[in-house]
Amino acid sequence: MSTAKPKHIGRNISRIRELRDMKQEALAIAIGTNQQSISIIEGSESVDEEKLKTIAKALGVTPEIIKNFSEEAVFNMIGNIYNDNSSSAINLGCTFNPFDKLLEAFDKNEKLYERLVEAEKEKVALLEKLLSGK
């Protein structure tokens, strides 16, 4: 008789999502459902294979990682990487928020557009002044 506790797939999905700094709403949008469905999935001990594949893809992991997820392994890996006395550090993830970068680019383009419009207004004013002088 085995005393091993079965894996709780929903809890694993929840933890991986949280480690990815992703909200339930974001995961729901990524897989084409709603936040309530994600909440139900994360409360379930098991998830059907097709849905698991879709969720895994949205989280950027494989279904096997979700099935075999272990917080102890994550903490051991982090401890081994960051407690190592070597001078090299390993970057395990994105160091910036891609959405923030998108907003920065939008702001730059908006400012560029405003400058172009202002330059065109100056050209029109100059041309009107030249034409009125004739």
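Starting afresh in each chain, residues are numbered from 1 along the sequence in its written order. Given that this is a predicted model, residues contribute local features only at a pLDDT of at least 70 and side-chain atom pairs are listed and counted only at 80 or more, while totals for whole chains, interfaces and linings are drawn from all residues. Only hydrogens and water are set aside; all other atoms, that is, all heavy atoms of the structure, feed into the side-chain values.

Bringing the pattern of salt bridges into the picture now. Salt bridges are defined by distance alone: a side-chain nitrogen of Lys or Arg within 4 Å of a carboxyl oxygen of Asp or Glu. In this structure the tally under the stated criterion is six salt bridges. In this structure, Arg17 engages Glu18 in a salt bridge whose closest nitrogen and oxygen atoms are separated by 4.0 Å. Each residue is placed in one exposure class: buried if its accessible area under a 1.4 Å probe, protein chains only, is under 20% of its type's maximum, exposed if it is over 50%, and partly exposed if it falls in between. Classification of Arg17 by relative accessible area gives buried; the value is 7%. A salt bridge links Glu49 to Lys67, with the nearest nitrogen and oxygen atoms 3.0 Å apart. Remark: Lys67 occurs in helix H5 (residues 63–67) and Glu49 occurs in helix H4 (residues 49–59); sequence separation between them is 18 residues. Taken together, the shared-partner salt bridges in this structure form one network comprising Arg15, Arg17, Glu18 and Glu42. The helix count covers DSSP runs of H or I at least four residues long, the strand count covers runs of E at least two residues long, and both are numbered beginning at the N terminus.

Helices that pack against each other are described as a pair by the angle of their axes relative to one another and the distance between those axes. Fitted lines through C-alpha atoms serve as axes, helices being fitted only where they are in contact, and the angles separating the N-to-C directions of these axes extend from 0 to 180 degrees. Between helix H1 (residues 9–19) and H4, the least distance of the axes is 11 Å, while the angle of their chain directions is 15°. As summarised for this structure, H1 and H4 are arranged roughly parallel, according to the angle between their axes. Between H1 and H4 lies a crossing whose hand is left-handed. Side by side, H1 and H4 meet where Ile9, Ile13, Ile16 and Arg17 of the first sit next to Leu52, Ile55 and Leu59 of the second. By residue class, the composition of the contact of H1 with H4 is six nonpolar, no polar and one charged. If an angle is under 35 degrees, it is roughly parallel; if it is over 145, roughly antiparallel; if it lies from 65 to 115, roughly perpendicular; otherwise it is oblique. Crossing chirality is assigned from the near helix's rotation relative to the far helix, an anticlockwise turn below a right angle marking it left-handed and a clockwise turn marking it right-handed. By the convention used here, residues are in contact when the closest approach between their heavy atoms is within 4.5 Å. Side-chain classes follow a simple rule in which Ala, Val, Leu, Ile, Met, Phe, Trp, Tyr, Cys and Pro form the nonpolar group, Asp, Glu, Lys and Arg form the charged group, and the remainder, Gly included, forms the polar group.

On to helix H3 (residues 35–42), then. Along H3, the residues that are buried comprise Ile38, Ile41 and Glu42. Along the axis of H3, the buried positions cluster into a sector of 95°, meaning they face one direction only. Contacts from the buried residues of H3 go to H1, helix H2 (24–31) and H4. The arc in question is the one traced by the directions running from the helix axis out to the C-beta atoms.

Of note, the phi angle at Asp21 is positive, near 60°, even though the residue is not glycine. Its place among the elements puts Asp21 in the loop between H1 and H2.

Once that is clear, we can look at a negative patch on the surface. Together, Asp100, Glu104, Asp107, Glu110 and Glu114 give the surface a local cluster of negative charge. By the secondary structure assignment, Asp107 is in helix H7 (residues 98–132). Taking relative accessible area as the criterion, Asp107 reaches 37% and is therefore assigned partly exposed. Exposure above 30% relative accessible area and the lack of any salt bridge qualify a residue for a patch; like charges then connect within 9 Å, and the nonpolar side chains Val, Leu, Ile, Met, Phe, Trp and Tyr within 5 Å. Accessible areas in this description were obtained via Shrake-Rupley with a 1.4 Å probe; residue shielding takes into account the shown protein chains only. When charges are counted, Lys and Arg are positive and Asp and Glu negative, with His and the chain ends excluded. Working definition for charges: the position is that of NZ of Lys, CZ of Arg, CG of Asp or CD of Glu.

This brings us to the nonpolar core. Nine residue types can take part in a nonpolar core, namely buried Ala, Val, Leu, Ile, Met, Phe, Trp, Tyr and Cys, and a core is a set of them joined through side-chain atoms within 4.5 Å. One finds Ile13, Leu27, Ile55, Leu59 and Ile66 to be the most contacted residues of the largest nonpolar core, which totals 16 residues. Counting residues per element, the ones that place at least two in this core are H1, H2, H3 and H4. Residue contributions to this core peak at four residues, all from H4. Among all residues touching Ile66, those that are not within four sequence positions of it are Ile9, Asn12, Ile13, Ile16, Leu52, Ile55, Ala56, Leu59 and Val61.

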